[in-house]
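Each chain is listed here by its residues.
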Amino acid sequence: MSETLAILQRFDFLTALWLFPIAVTLHELEEWNIVRWYEQNFVDLPHLTDTGLRAWIVFSSLVGLLWTGIAILPGNPTVAAWVLLLAFVLMGQNALQHIYYLFYFRRNAPGIVTSVLLLIPTIVYLVARAVQQGYVPIWYAILLVVLLIPHLSQTVRARNTMLPSLHAVHQFGAALAKRF
């Protein structure tokens, strides 16, 4: 582990931020066939298709790359940290949902491997580095963690019902699939 951190420290902060969209893309790809899992675990599902979900996966991966690129473009690590840490909240809550689903359903939830081994460690590393290097204050990082709580609470209360936010994601993916 210390060797990995030593290697990562060789990269300047702006370069290290590219780890995030790579982790997001790999995480999204792990969810490529999640529709079957939804059907086996959730009740009262909307109509879902693999095509709609996969359109969302491609779209969200591209958004992660674009968000990172825009944040890094000014060449200012402070600006990049403030902008990208917001994206970390979105993906962090998704990663924590996968962990919750693993325990709640007592079975593999597609996305769990990259959540635990890649996405969460990447986010924690980049947030810690942003704070350590003074690009964001500690209160900002804590605030972002606090912002995770409402959505995670909603996930727990929903039990085996798909959250409205996931409904919206799948509707958007279906609309994208129809357009392209």
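Here, the structure is the one placed above.
Structural notes, computed from the coordinates. (Residues numbered from 1 in each chain as written. Predicted model: local features only at pLDDT ≥ 70, side-chain atom pairs only at ≥ 80, totals over all residues. Heavy atoms only, no water.)

**Examining the overall build of the chain**
Within the chain, the secondary structure is distributed over 9 helices and 0 strands. N-terminal to C-terminal, the α/β element order of the chain is α-α-α-α-α-α-α-α-α. The principal-axis extents of the C-alpha atoms in the chain amount to approximately 45 × 35 × 30 Å. Evaluated residue by residue, the chain yields a buried proportion of 42% over its 180 residues. Side-chain charges in the chain split into 10 positive and 8 negative, and the spacing between the mean points of these groups amounts to 5 Å. (Helix = DSSP H or I, 4+ residues; strand = E, 2+ residues; numbered from the N terminus. Buried < 20%, exposed > 50% of the residue type's maximum accessible area, 1.4 Å probe, protein only. Lys, Arg positive; Asp, Glu negative; His and termini not counted. Charge placed at Lys NZ, Arg CZ, Asp CG, Glu CD.)

**As for a nonpolar patch on the surface**
A grouping of Trp 18, Ile 22, Leu 26, Leu 29, Trp 32, Val 58, Leu 62 and Leu 65 is seen on the molecular surface, where their side chains present a nonpolar patch of about 710 Å² in accessible area. For the nonpolar patch, the elements supplying multiple residues, two or more each, are helix 3 (19-30) and helix 5 (50-72). (Patch = residues over 30% accessible without salt bridge, like charges linked within 9 Å, V, L, I, M, F, W, Y side chains within 5 Å. Areas by Shrake-Rupley, 256 points an atom, 1.4 Å probe, with all protein chains shown as cover. Salt bridge = Lys/Arg side-chain N within 4 Å of Asp/Glu carboxyl O.)

**Comments concerning the layout of surface pockets**
As a volume, the largest pocket reaches approximately 580 Å³. Around the largest pocket sit 27 residues that line it, and Glu 28, Trp 56, Leu 90, Met 91 and Asn 94 are the ones nearest its centre. Those elements that place two or more of their residues in the lining of the largest pocket are helix 3, helix 4 (34-41), helix 5, helix 6 (77-105) and helix 9 (164-179). Of the residues contributing to the lining of the largest pocket, the split by class is 16 nonpolar, 9 polar and 2 charged. (1 Å grid on protein atoms, 1.4 Å probe; cavity = no way out; pocket = protein on both sides within 12 Å on 5 of 7 lines; lining within 4 Å. Points joined across faces, edges and corners; volume = space filled by probe spheres on them. Nonpolar A, V, L, I, M, F, W, Y, C, P; charged D, E, K, R; others polar.)

**Looking at the packing of aromatic side chains**
Scanning all chains against the criterion turns up 19 aromatic pairs. Through a chain of ring-to-ring contacts, the aromatic side chains of Trp 37, Tyr 38, Phe 42, Tyr 100, Tyr 101, Tyr 104 and Phe 105 assemble into a single cluster. (Phe/Tyr/Trp six-rings, centres within 6.5 Å; stacked < 30°, edge-to-face > 60°.)

**Quick word on helix 9**
Taking 1.5 Å per residue, 16 residues should reach 22 Å; helix 9 reaches 23 Å between its end C-alpha atoms and fits that length. Leu 166, Val 169, His 170, Gly 173 and Leu 176 are the residues of helix 9 that are buried. Along the axis of helix 9, the buried positions cluster into a sector of 120°, meaning they face one direction only. Away from its buried face, by an angle of more than 90 degrees, helix 9 presents the exposed residues Pro 164, Gln 171, Lys 178 and Arg 179. Where the residues of helix 9 are buried, they touch helix 4, helix 5 and helix 6. (Expected span 1.5 Å × (residues − 1). Arc of directions from axis to C-beta. Contact = heavy atoms within 4.5 Å.)

**A closer look at the packing of helix 6 against helix 7 (residues 112-132)**
Relative orientation of the contacting elements helix 6 and helix 7 amounts to 150°, with a least axis distance of 9 Å. In terms of orientation, helix 6 and helix 7 fall into the roughly antiparallel class. Here the hand of the crossing between helix 6 and helix 7 comes out left-handed. The residues of helix 7 that touch helix 6, namely those facing Ala 81, Leu 85, Phe 88, Met 91, Gly 92, Ala 95, Leu 96, His 98, Ile 99 and Leu 102, are Ile 112, Ser 115, Val 116, Leu 119, Ile 120, Ile 123, Leu 126, Val 127 and Ala 130. When grouped by side-chain class, the residues that make up the contact of helix 6 with helix 7 number 16 nonpolar, 3 polar and no charged. (Axes fitted to C-alpha atoms, helices over the stretch in contact; angles between N-to-C directions. Parallel < 35°, antiparallel > 145°, perpendicular 65-115°, else oblique. Left-handed = near helix turned anticlockwise from the far one by under 90°.)

**Regarding the pattern of salt bridges**
One pass over the structure, following the stated rule, counts 2 salt bridges. Here Arg 36 and Glu 39 are joined by a salt bridge, their closest N and O atoms 3.8 Å apart. Of the two residues, Arg 36 and Glu 39 are both situated in helix 4; the distance of 3 residues between them amounts to about one turn of the helix. Judged by relative accessible area, which is 40%, Arg 36 ranks as partly exposed. Across the salt bridge formed by Arg 36 and Asp 50, the nearest N and O atoms sit 2.5 Å from each other. Of the two residues, Arg 36 is situated in helix 4 and Asp 50 in helix 5; the sequence distance between them amounts to 14 residues. We classify Asp 50 as buried; its relative accessible area is 19%. What you see here is one network of salt bridges that share partners, running through Arg 36, Glu 39 and Asp 50.

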